[in-house]
Amino acid sequence: MSALSGAARRPQVTAVIVSHDGASWLPTLLRALGSSTVRPDRAVCVDTASGDSSRALVVEALGTEAVVDAPARTGFGAAVALGLDTVDTWQESGRGRRTAGSVPTPSDDWVWLLHDDCAPAPDALEQLLATAASDSSIGAVGCRLRAWPRGRRLLEVGVTMTGTGRRVTGLEPGETDQGQYDEVRTVLAVSSAGMLVRRREWDVLNGFDDRLPLFRDDVDFGWRMARAGSHVAVSPGAVVFHAEAATRGVRTIANTSARPHRADRAAAIFTLLANSSGRGLAWQYTRLVAGSLLRAVGYLLGKLPATAYDEVAAMVATVARPDRILAARSSRRATSTTSAGQVRSRFPPWWTPYLDGLDAVRSRLAGRSGSRTAEPTRAADLAGRATVGGGATALPVELEAAVGPGSWMREHPALVPLLLLTVGSLVAARGLLGNGLLEGGALLPAPGGARDWWRLYAEERHSVALGSGLVTAPYVVALGVVGTLALGKAWLAVDVLVLFGVPLSAAGAYVATGRFIGSIPTRVWMAVSYGLLPVLTGAVTTGHLGTLAACIGFPWLLRAVLPLFDREGAPTWRTAWGSGLVLAVVTAFAPLTWLIAAVLLGLALPWLAVRGRMWSLPRAMVALGLPVVLLAPWSLRVVANPAEALTEAGLVEASTVSVADIAWQLPFGRLGATGAAPWWLTASVLVAAAAAVLRRDRRTGVAAAWLVLAVSLATAAVLSRAKVPVPGVAHDAFVWLGLPVLVAQGAAVVAAGLAADGLFAQMRRLSFGPRQPIAAAVGALALAAPLVGAAWWLVVAPVGELSRSDVTPLPTYMADTLTSDPSQRALVVRRDGRNVTFEVVAGDGLRLGDDSVVPPQESIRLGRLVADLLSEADPADVGRLATFGISYVVLAGPAPRTDVAMLDGLPGLTRASTDANRLAGWQVPASATTPVRVILARSAAVAESVTAQPSLVSAHRGVWLGAQAVAWFVALVAAAPSLARGGDIGPDEP
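Residues numbered from 1 in each chain as written. Predicted model: local features only at pLDDT ≥ 70, side-chain atom pairs only at ≥ 80, totals over all residues. Heavy atoms only, no water.

Some words on the overall build of the protein chain
The line we're drawing: Each helix is a run of DSSP H or I of at least 4 residues and each strand a run of E of at least 2, with the numbering of both proceeding from the N terminus. Residue exposure (1.4 Å probe, protein chains only): buried if accessible area is under 20% of the type maximum, exposed if over 50%, otherwise partly exposed. Only heavy atoms matter for contacts: two residues are in contact if any of them lie within 4.5 Å across the pair. Each accessible area value is a Shrake-Rupley result obtained with a 1.4 Å probe; residue values ignore everything except the protein chains displayed when judging cover.
Broken down by element type, the protein chain carries 39 helices and 23 strands. Going through the 990 residues of the protein chain one by one, you find that 51% of them count as buried. Sequence separation of 24 or more characterises 77% of the internal contacts of the protein chain that already satisfy a separation of 6 or more. For the protein chain, the exposed surface amounts to about 43,000 Å²; the carbon and sulfur share of it is 62%.

This is the structure in structure tokens:
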């Protein structure tokens, strides 16, 4: 009697199989059901118009009455509903009655959902029922999905979804089943392949949503079940093997779009919008629309235009139907008994998709697949050979070594030196840490935010000095990108570039040398030596941001350009586009880079001809010509005024002196700048570079490095006496030669590194002679260079011309007035002995980027006016000041008493409140002129001061911006590596 009662209380299970062209897998599924330790009480199959023998196979196994025919476009949830309706019909007619004593109430049933391409282990249903009986609040139970047919690779052990719609399994790429998920877990959802769901919950929630015919129906169902008060669990002992035929492209499914990615994204967006909380709905709409557009751009860059189109089409098709979203949300409110916040713990953190994106980019740059379901890693590969039995796992010895302590140091040997350089940067900049903005030398203070850089680049007329219509230099866009990545904090972008230029340069050098250097110690030496070049540390102390940015970018340029001249194989057009992109970015900061590159390409032509590689020339020409196009219209401005090619990002310092007297120190990287390192610090690197010519097997590479060194030094020699105008004043200054000297020193490091690579092994093979002692002596000298350089950098190197300050040279109330009213200016006059200089301050003063649009010279009429103000008092001078829009006159302190007395005696000027120790100020009456006269006068002044540039450049700025954006986008698409679909998506995703 007790046995009978136990049988009577046993849960009844109905297995519902959905098949569509599944003849390849159905026999395995049907055999698995026949060998199950606990068999379903009833089984029904819904066949959706299979074109193969699927229906016949099921009829043979289950009988004709157990097979329900449905149209090909029937969704999975609708097919299950048809199967359950058939079972209910059986019960009403007396067929398929339950065991004796059971209560014939369908809500007591459990429904086992099975795909035609899955196969449960013999005890799968028994394990599912045991988990379901352990907690009455469980509404659905899922399996541990593994690869078909008997693989150990895990596919799913529960599933959730990010706020961007990405399906998340929580598994590592290629993760194998080693018993690590042996506990019952509550999850958001489980796959419908093998899902055991209580019939009562199925009926209350009305099954799967018909608006989700194939994708995300399981996630949506689990989300709704959680909101309805039940929860979904994973039974760790229930194993189901799944072929994922539709996902892997083995067969097509007719119940969704012919474009699976579009269908999946539409389902993901619909699921998020239908189930999100009411308060977060507007944010979710915005996030999904913007995210879809960004994903589409990424697919275009990855040369997947069809996928990009599907991404946008899915988004538009979903968000353009708010009626469907509202209807879905209404039906969910009817079944919800808990708040959205109570199920939040079942979702991954909001930053998960962004971290995944960063991982993908990092893996792509490293040449590996960026997907979470890519080929197994080495550790996972080894784990696949582990012996698993009874849940115990024995890892092989090689796996323990691969993942043991210190493995990260073996995999990344340059990490420790780079960390030390980063810490050293903080030590070396100890005098520059604190509040305020970095400025000094050639470095202007950063603007208020990254948006100011974008605005400066986009506007046609600039409120700088007396006004300017010059085209903004393109490095402003690069700074805008970096500042945007720094969360809009422009000061942070500048601090990182300036204070951490050494480790950033060294990191790039380590990556770049991997293309032509095989020895890890040699690459580390080259990276550290390059990062500690005196010209780089000298550029930091003088605030030459252009040289700093070029130093950071040169290794990446070298890495991009090398394949163009590789002796093995032909370079691709993608390589040419990529080289041109990097060259454009570096040229934007330091235009001399393009000139040196052009000279080097011209000198390389004979080598290409001798080597029979002239077919590389068209690609090299594309790489060289691309910056001219991408940097237009600024490149046209340089053509109209070639002297601007000799400047770089930042101010042209009037104090820059000729280096002709110390020209012999240029090869050693010393420019005579404030805080520059002594010349002998890099002498050993030059000795090693000179000795490199003795390495016969590396003679071609060493010769190329010496060619670059010679061209760079020749460029520096030619320009050592050249002058460029100082913007805003009527003075010229000598050209800053940091860039050609930097290239020369970098080439010396490359030559030395080429000679050192594999030198130890070569010396061991040779009989002992004078070569070994010479190599040892040169090697010791080369090793000393970074050590001595680091010691000088950390202990002796001064801060130089950089400092932290509150930036504004004017009293706060003056700065506020100028900022709030763009039509007003302040005239700041400085006297140094008999020399008088002046500048016109607009807004909060010159900021980084403004230097590129300051007219080369202020108005000649304004210069005469300043001379008159300090020589004789004439009441008419006040009106002349107002015609330039000048509201304040400031004498930067300590001002000579005679100048102060002269301006005090000028009728019409009112003494302003200032700190007498810093400056003296006067206010120009607002009634001195009308705004119209101000505008007209300023326009005349600007016309006098702006350099000649093509009329097409100075007009139609919006058209230029649009064309430039298109050019950059096309170049990025052409240069980007192709992305492969497949493997970068989880189960049940396209």
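There is more to say after this.
Structural notes on the sheet that holds strand 19 (residues 825-832)
In a beta sheet, neighbouring strands pair by backbone hydrogen bonds and run either parallel or antiparallel. The test is simple: Strands are treated as partners if at least two bridges between them are detected by DSSP.
Strand order in this open sheet of 5 strands is 20-19-21-23-22, and the pairing throughout is mixed. Strands at the two margins of the open sheet, each flanked by one partner only, are strand 20 (835-842) and strand 22 (910-911). Both strand 19 and strand 21 (residues 886-892) contribute to a ladder of 5 bridges, which runs parallel. Opposite alanine 826, over in strand 21, you have tyrosine 888 as the bridge partner.

Remarks on the packing of aromatic side chains
Geometry of an aromatic ring pair is reported as the spacing of the ring centres plus the angle between the planes. To keep things clear, this is the line we draw: Here is the rule: rings of Phe, Tyr and Trp (six-membered ring for Trp) pair when centre to centre is within 6.5 Å. Planes less than 30 degrees apart are stacked, more than 60 are edge-to-face, and the remainder are tilted. Over a ring means this: the NZ of a Lys or the CZ of an Arg is within 6 Å of the ring centre and within 35 degrees of the ring normal.
Going through the model one piece at a time under the given rule, you end up with 6 aromatic pairs. Taking the centre distance of 5.1 Å and the plane angle of 65° together, the rings of phenylalanine 208 and phenylalanine 221 count as edge-to-face. One end of the pair, phenylalanine 208, is in the loop between helix 6 (199-204) and helix 7 (217-227); the other, phenylalanine 221, is in helix 7, with 13 residues separating them in the sequence. Note on accessibility: phenylalanine 208 and phenylalanine 221 belong to one class, buried. A cation over a ring is seen here: arginine 523 above tyrosine 510, with NZ or CZ 4.0 Å from the ring centre. For lysine 723, the ring lying beneath its charged end belongs to phenylalanine 734, and the centroid distance is 4.9 Å.

Observations regarding the nonpolar core
What counts here: Each nonpolar core is a collection of buried residues, namely Ala, Val, Leu, Ile, Met, Phe, Trp, Tyr and Cys, held together in the definition by side-chain atoms within 4.5 Å.
Tyr475, Val498, Phe554, Leu827, Leu848 and Leu881 are the most contacted members of the largest nonpolar core, which totals 142 residues. In terms of residue count, helix 30 (residues 738-756) provides more of this core than any other element does, 12 residues in total. Residue contacts for leucine 827: discarding those within four places in its chain leaves Phe838, Glu839, Val840, Val866, Leu869, Leu881, Ile886, Tyr888, Val889 and Val890. Val68, Ala79, Leu113 and Val232 belong to the second largest nonpolar core, which has 31 residues in total.

Section: the packing of helix 9 (residues 281-301) against helix 10 (residues 305-319)
Relative orientation and spacing of two packed helices are given, respectively, by the angle between their axes and the distance between those axes. Stated formally: What counts as an axis is a line fitted to C-alpha atoms, over the stretch in contact for a helix, and the angles between N-to-C directions run from 0 to 180 degrees. In what follows, roughly perpendicular refers to angles from 65 to 115 degrees, roughly parallel to angles under 35, roughly antiparallel to angles over 145, and oblique to any angle outside these ranges. A crossing counts as left-handed when the near helix is turned anticlockwise from the far one by less than a right angle, and as right-handed when that turn is clockwise. Side-chain classes follow a simple rule in which Ala, Val, Leu, Ile, Met, Phe, Trp, Tyr, Cys and Pro form the nonpolar group, Asp, Glu, Lys and Arg form the charged group, and the remainder, Gly included, forms the polar group.
With their axes 7 Å apart at the nearest point, helix 9 and helix 10 run at an angle of 165° to one another. By the angle between their axes, helix 9 is roughly antiparallel relative to helix 10. You can see that helix 9 and helix 10 cross each other, and the crossing is left-handed. Note on element contacts: helix 10 touches helix 9 through Pro305, Thr307, Ala308, Glu311, Val312, Met315 and Val319, opposite Tyr285, Leu288, Val289, Ser292, Leu293, Arg295, Ala296, Tyr299 and Leu300. For the contact of helix 9 with helix 10, the per-class residue count stands at 12 nonpolar, 2 polar and 2 charged.

Considering unusual backbone geometry
That bond from alanine 632 to proline 633 is cis: its omega, 10°, falls within 30 degrees of zero. Secondary-structure assignment places proline 633 in the loop between helix 26 (617-630) and helix 27 (634-640). In this model, aspartate 21 sits at a positive phi of 50°, which is unusual for a non-glycine residue. By secondary structure assignment, the location of aspartate 21 is in the loop between strand 1 (13-19) and helix 2 (26-34). The class for aspartate 21 is partly exposed, based on a relative accessible area of 26%.

As for the environment of alanine 710
Within the fold, alanine 710 resides in helix 29 (residues 699-719). For alanine 710 and alanine 744, which are 34 residues apart along the polypeptide, the C-alpha to C-alpha distance reads 7.2 Å.

Overview of the pairing of strand 1
The side chains of a regular strand alternate, first on one face of the sheet and then on the other. Stated formally: Crossover handedness is defined here as right-handed if the route from the first strand over the helix to the second strand goes clockwise, with the strands pointing away from the viewer.
Most of strand 1 sits inside the fold, with 7 of its 7 residues counted as buried. Alternating residues of strand 1 divide into Val13, Ala15, Ile17 and Ser19 and Thr14, Val16 and Val18, and every residue in both groups is buried. In this sheet, strand 4 (residues 110-115) lies alongside strand 1 in parallel orientation, the contact comprising 6 bridges. Bridging across to strand 4, isoleucine 17 finds its partner in leucine 114. One ladder, built from 6 bridges, connects strand 1 with strand 2 (residues 42-48); its direction is parallel. For valine 16, the partnering residue across the bridge sits in strand 2 and is valine 44. Taken together, strand 1, helix 2 and strand 2 form a β-α-β motif whose crossover is right-handed.

Remarks on the pairing of strand 20
Sheet topology note: the strand 19/strand 20 ladder contains 8 bridges and is antiparallel. What sits directly across from arginine 830, in strand 20, is threonine 837. Linkage of strand 19 to strand 20, two consecutive antiparallel strands, is achieved through a turn of 2 residues, within which glycine 833 is found at a positive phi near 70°.

Focus on the pattern of salt bridges
Pairs can form between side chains of opposite charge once their charged atoms are near each other. For clarity, the cut-off: Between Lys or Arg on one side and Asp or Glu on the other, a salt bridge is scored when a side-chain nitrogen of the former is within 4 Å of a carboxyl oxygen of the latter.
The final tally for this structure, using the stated rule, is 27 salt bridges. Arginine 455 is the salt-bridge partner of aspartate 452, the closest N and O atoms lying 3.9 Å from each other. With aspartate 452 and arginine 455 both in helix 17 (residues 450-458), this residue pair falls 3 residues apart, about one helical turn. Classification of arginine 455 by relative accessible area gives partly exposed; the value is 43%. Each of the salt bridges in this network shares a partner with another, and the network as a whole consists of Asp209, Arg211, Asp220, Arg224 and Arg332.

Overview of the confidence of the model for the protein chain
Any residue range with low pLDDT should be treated as having predicted coordinates unsuitable for detailed reading. Rules: Scored between 0 and 100, pLDDT is the confidence that the predictor attaches to each residue.
Looking at the protein chain, pLDDT values average 79 and 81% of them are 70 or higher. Segment residues 929-948: pLDDT under 50, and 39 contacts once partners within four positions in sequence are set aside and those in other chains are kept. pLDDT under 50 marks residues 981-990. Its contacts with residues more than four places away, or in other chains, come to 38 contacts.

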